[in-house]
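Letter by letter, the chains look like this.
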Amino acid sequence: MRLRSSVFACLVLLLEVAGVALFLRGFFPVPVKSSFSSKSRLADLPAEPLAGSSPNSSRLPRPLFRRVVLMLVDALREDFVFGADGGSYMPYTRHLVEKGSSHSFVAKARPPTVTMPRIKALTTGSIPGFIDVVMNLNSPALVEDNLIWQAKTAGKRIVFYGDDTWVRLFPKHFMEYDGTTSFFVSDYTEVDNNVTRHLDSTLKRDDWDILILHYLGLDHIGHISGPHSSLVQPKLLEMDDILKKIHSSLVSKETEGSLPYLLVLCGDHGMSETGSHGGSSEPEVNTALLLISPAFKRKAGMEKPGVVEQVDLAPTLALGLGLPISQNSVGRVIPGVLEETSLRDQLRFLHLNGHQLSCLLRDSMPDYEKEAGFEQFRVAEKAHGSWMKLYLEGNTSEVLTNMGKKVLKQYLEALAAMSSALSKQLGKYDMYSMIAGMVFVFQLLLVLLLAMPEALSGAAAVDLPVLSSLLSLPFYLLCLLLASVHVLVCTSAESSCYFCSLSWGLVFAAVAFSSAMFCILISVATRRLPVGPTIHGKSPMRSSGGEWSLSELDVLLLAGTVGHTLSLAASSFVEEEHQTWYFLLNTLCLAVFQDVCRKYFREQRGSGDDEDRLLPSKDSHSSAHPKPEILSEKWLALATPPFTLVCCRLLRSLNQTGVQWAHLPDVSHWLNSSEHKTVLSLLSAFCLLLIYLLVQRRCSLVSKVALALGLLGVYSYRAAVGNVLFPWQHSNRTATKGTVEARFVYVFVLGILFSGTKDLLRSQIITADAKLKSRGLWEIYGGLVLVVSLLFRAHNLPVLCGGLLIQTLMAQFIWKKLHYDAAQTTIMHYWFGQAFFYFQGNSNNIGTVDISVGFVGLESYIEAPAIVLTALSTYAGPLLWACHLVCYLSSERERAVALSLRASSVSTLDSL
């Protein structure tokens, strides 16, 4: 079957998406949920355990608190309160921690540490999955059983001010609310003032039972300038004053004989050392949790805060307000909250929590009875019944007290074990679906790699032996083998597999597809990868038999790409993927250097035999006295691979990335410190000048002027936001948002893109001018470079500058002079693009995504441009290298056509 290259690429892309989707379906486990569709109700709560034939009591302890104020400070790291600087950051809060009637904890948030999943965890007690990261952009209403629904059903009056994610999750649940957008991270002042302006009037009123405040300013400061910014302390002092105001108001309204209040200060997630969040590092998952109430004992001094799970707050608040625990909660009540209640009430609270966890365990695990926590709960429940019988009989001996404490300990151990088992359930992957998806993806990648030289050839078509593969005996044997494996796996699997739940028609189609792909792969490989002598160092060349031979560089590119794909099966290689790309890039530079040495030094010996002249260049001579320009070209070509190695090594040290060493200091931290702002300013100016010199060469005069003014606007924007300085500026100048300067740059970006698009359309519609088409592509590329230079932080401009310099040198002295073909050049661009993704400071951790760039030039949150700008900044490295590949191949095709026309005209003249 012969397919056009475009059709072949589209088919491979669609099938790759299906394989990746199957893998992701197995990689992201289904959240643990109760099988009951309805929500928990007071009438459904179990009776109090009681041994003997006496009727059990359905008595419920009375609520612990009359009013609850939940003050949620977004990105409140635990060290902001409990750390060495906590006394200066939040003095009043620190006083309550040390000497107040409070309980302080380090609440561990489970990844993904982004706002919407954390709100779900706080209100439902469940552990959201990573799919909620996507839903964080547009949160739908929460239909799962949750604390807010339970409180509203019980008649509690709820008031909310803050992040409008709550309003989207809980529509029609609040008696009064005022939401503020959480995505416009450039604003860290008004976003909090909009919450605080309601505070005085609300605290004076008595018509509410639950007050929820969600402050976003601290999180926005982290995204803009990190946790060590000079803006952090004033913001935390502001939060401290608000907490003091709330606490003073609650104390003044406290009356004797009534239920006490509860003031909760917490964070939804932490903040990494770069100011972002979403990952699983300690600063991101460790949040502060402070419970303040006159119901607690007054402390005598600073105590080390305990460690709890963030999901433990949901059952604690539910029981404290006299509400049922949410059905899908995996949290356990915080014991310190119950310490001042009677022993009977403590046991009853723990029994209710244990009953809810045991029901969830029963619904989510087929072999729940084998779980140690479930058995411990049954034992504790029986002991509780025996204790209750003695208690109701009026036994007041010390034996009863000791027995009650023993039951209490048994309950706590059972709760911890069941909560742990339910949490681990989220880490059980669907391995069968993951392996099936990986097999599909790997097969398609191999076919794509083997077909790439043919797809990128002049014919632009791929010949796939589909019919012969479908009619071969191995195809039917593979179908039988894979079908047998499917039946075996599905009948012996202990847990449910998504692939096993599909209909037999879909399963047979998948089996047939995989078998056919394997046969096609073998057929293509045997046809194009013959075993025999190859010419070392040469590009793949079609022999007379229609076969492809591989050079050493081809083997490296193929083995490196396949090896990287295989390495992604291990989580440690995913976490530190940048190390794989750095290694491959270094090896590639050495291999290219070897090819350059072979070409020039063998040519210098004057060998005229084509077999000795590896990777021949059209400019090469066998003359004993080469021209000066050829001599300089030789040394520049020899210097390019070592220079690329040095450049990549310097760029690596600019940003620490990955997981294990991301916390270590790097050059970017040094450059961003206030005392080195002059150095950063000089470096930024030099990089912008070099970017102009590298990009303007292939642009029209209008685009050159626009590019120069645009890069000047980039520096002005960075000076406006306080990253760099003009010579006449003072370092203590007040920073602005730089909206005018950024929009100034956007105007020139649009102008350059318009000019390039116009040339491109003219070359396609009006005149078939290959030179005009090439210039149009390079101008569009220049426009992308300009917008990326605006979005990159000042310390990352050397990454952009280094990438452009490497592209220029490699194109001029390596790819062109050594005649690397399109397939080799494409894979090299892919490798460089992936490496530059990590040079930017990115990683596979969502916490490294810089969302602040989505609001460069915006005065308010607009979803579409914010998403586009964030994606463009994050994937700037791979995108620019992909665009450079298109421009370079277009230029080379134009050059080849021009040479062909020149040669034909010369031959015509000779014949005349």
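The present account deals with the structure reproduced in this document. (Residues numbered from 1 in each chain as written. Predicted model: local features only at pLDDT ≥ 70, side-chain atom pairs only at ≥ 80, totals over all residues. Heavy atoms only, no water.)

### Some words on the packing of aromatic side chains
Heads up, the rule is: A pair of aromatic rings is counted whenever rings of Phe, Tyr or Trp (Trp by its six-membered ring) have centres within 6.5 Å, and the orientation is called stacked for planes under 30 degrees apart, edge-to-face for over 60 and tilted otherwise. Numbering of helices and strands runs from the N terminus; a helix is a DSSP stretch of H or I covering at least four residues, while a strand is a stretch of E covering at least two. Relative accessibility thresholds used throughout: buried, under 20% of the residue-type maximum; exposed, over 50%; partly exposed, between the two (1.4 Å probe, protein chains only). Note on geometry: a ring has a charge over it if NZ (lysine) or CZ (arginine) is within 6 Å of the ring centre and within 35 degrees of the ring normal.
Inspection of every chain in the model, using the stated rule, returns 22 aromatic pairs. Ring geometry for phenylalanine 832 and tryptophan 881: centres 4.7 Å apart, planes at 10°, overall stacked. Pair noted here: phenylalanine 832 is in helix α32 (residues 822–839) and tryptophan 881 is in helix α34 (residues 876–911), with a separation of 49 residues, a long-range link. This pair shows no difference in class: phenylalanine 832 is buried, exactly as tryptophan 881 is. We note lysine 599 situated over the ring of tyrosine 600; from NZ or CZ to the ring centre the distance is 5.1 Å. The positively charged end of arginine 698 is found above the aromatic ring belonging to tryptophan 778, 4.2 Å away from the centroid.

### Considering the state of the cysteines
A covalent bond between the sulfur atoms of two cysteines is what we call a disulfide. Note the cut-off: Only a pair of cysteine sulfur atoms within 2.5 Å qualifies as a disulfide here.
Under the criterion given, the structure shown has 1 disulfide. A sulfur-sulfur distance of 2.1 Å marks the disulfide that ties cysteine 490 to cysteine 500. Of note, the bridge from cysteine 490 to cysteine 500 carries an S-S torsion of about -90° and is left-handed in sense. Here cysteine 500 lies in the loop between α20 (473–492) and α21 (504–528) and cysteine 490 lies in helix α20, a separation of 10 residues in the sequence. Taking the relative accessible area as the measure of exposure, cysteine 500 reaches 24% and is therefore partly exposed. With no disulfide of its own, cysteine 647 has cysteine 648 as its nearest cysteine by sulfur position, at a separation of 5.8 Å. Lacking any disulfide linkage, cysteine 883 is separated from the closest cysteine sulfur, that of cysteine 887, by 6.7 Å.

### Things to note about the packing of helix α31 (residues 797–815) against α32
Applicable threshold: In this analysis, axes come from line fits to C-alpha atoms, helices being fitted only over the stretch in contact, and the angle between any two N-to-C directions falls in the range 0 to 180 degrees. When an angle is under 35 degrees it counts as roughly parallel; over 145 it counts as roughly antiparallel; between 65 and 115 it counts as roughly perpendicular; any other value is oblique. We call a crossing left-handed when the near helix sits turned anticlockwise from the far one by less than a right angle, and right-handed when that turn is clockwise. Throughout, a residue-residue contact means that at least one pair of heavy atoms, one from each residue, lies within 4.5 Å. Classification used: nonpolar for Ala, Val, Leu, Ile, Met, Phe, Trp, Tyr, Cys and Pro, charged for Asp, Glu, Lys and Arg, polar for all others including Gly.
Where α31 contacts α32, the axes come no closer than 11 Å and their chain directions differ by 165°. Classified by the angle their axes make, α31 and α32 are roughly antiparallel. The handedness of the crossing between α31 and α32 comes out as right-handed. Here Val799, Gly802, Gly803, Ile806, Met810 and Trp815 of α31 lie close against α32, whose contacting residues are Thr825, Met828, His829, Phe832, Phe836 and Phe839. Along the lines of polarity and charge, the residues of the contact of α31 with α32 split into 8 nonpolar, 4 polar and no charged.

### Looking at the pattern of salt bridges
Pairs can form between side chains of opposite charge once their charged atoms are near each other. Our working definition: We count a salt bridge whenever a side-chain nitrogen from Lys or Arg sits within 4 Å of a carboxyl oxygen from Asp or Glu.
Inspection of the entire model under this criterion finds 20 salt bridges. In this structure, glutamate 282 engages lysine 108 in a salt bridge whose closest nitrogen and oxygen atoms are separated by 3.6 Å. Here glutamate 282, found in helix α13 (residues 282–285), pairs with lysine 108, found in strand β3 (residues 102–108); they are 174 residues apart in sequence, far enough to count as distant. Close ionic contact of arginine 157 with aspartate 209 constitutes a salt bridge, the shortest N to O distance being 3.2 Å.

### Quick notes on the pairing of strand β7 (residues 261–266)
Note on strand geometry: in a regular strand, side chains alternate between the two faces of the sheet. Put simply, the test is: In this description, strands pair whenever DSSP reports at least two bridges between them.
Of all 6 residues making up β7, 6 are buried, and the element is well covered by its neighbours. Residues Tyr261, Leu263 and Leu265 line one face of β7 and the alternating positions Leu262, Val264 and Cys266 line the opposite face, and both faces are buried. Summarising the sheet, strand β2 (residues 67–73) and β7 pair through 6 bridges and their orientation is parallel. Along β7, the bridge assignment pairs leucine 72 with cysteine 266.

### Overview of helix α4 (residues 91–99)
Let me state the cut-off plainly: Our arc is simply the arc of the directions from the helix axis toward the C-beta atoms.
For α4, the full list of buried residues reads Thr93, Arg94, Leu96 and Val97. Mapping the buried residues of α4 onto a view down its axis gives an arc of 155°, with all of them on the same face. The elements touched by buried residues of α4 are α2 (79–82), α3 (86–89), β3, α12 (232–252), β7 and β8 (286–292).

### Points about the packing of helix α15 (residues 343–364) against helix α16 (residues 372–392)
The geometry of α15 relative to α16 is characterised by a closest axis approach of 10 Å and an angle of 150° between their N-to-C directions. Considering the angle they form, α15 stands roughly antiparallel to α16. By crossing handedness, the relation of α15 to α16 is classed as left-handed. Taking contact as the criterion, the partners of Leu343, Arg344, Leu347, Arg348, His351, Gly354, His355, Ser358, Leu361 and Arg362 in α15 are, on α16, Phe374, Phe377, Arg378, Glu381, His384, Trp387, Met388, Tyr391 and Leu392. Its residues placed into classes, the contact of α15 with α16 shows 9 nonpolar, 5 polar and 5 charged.

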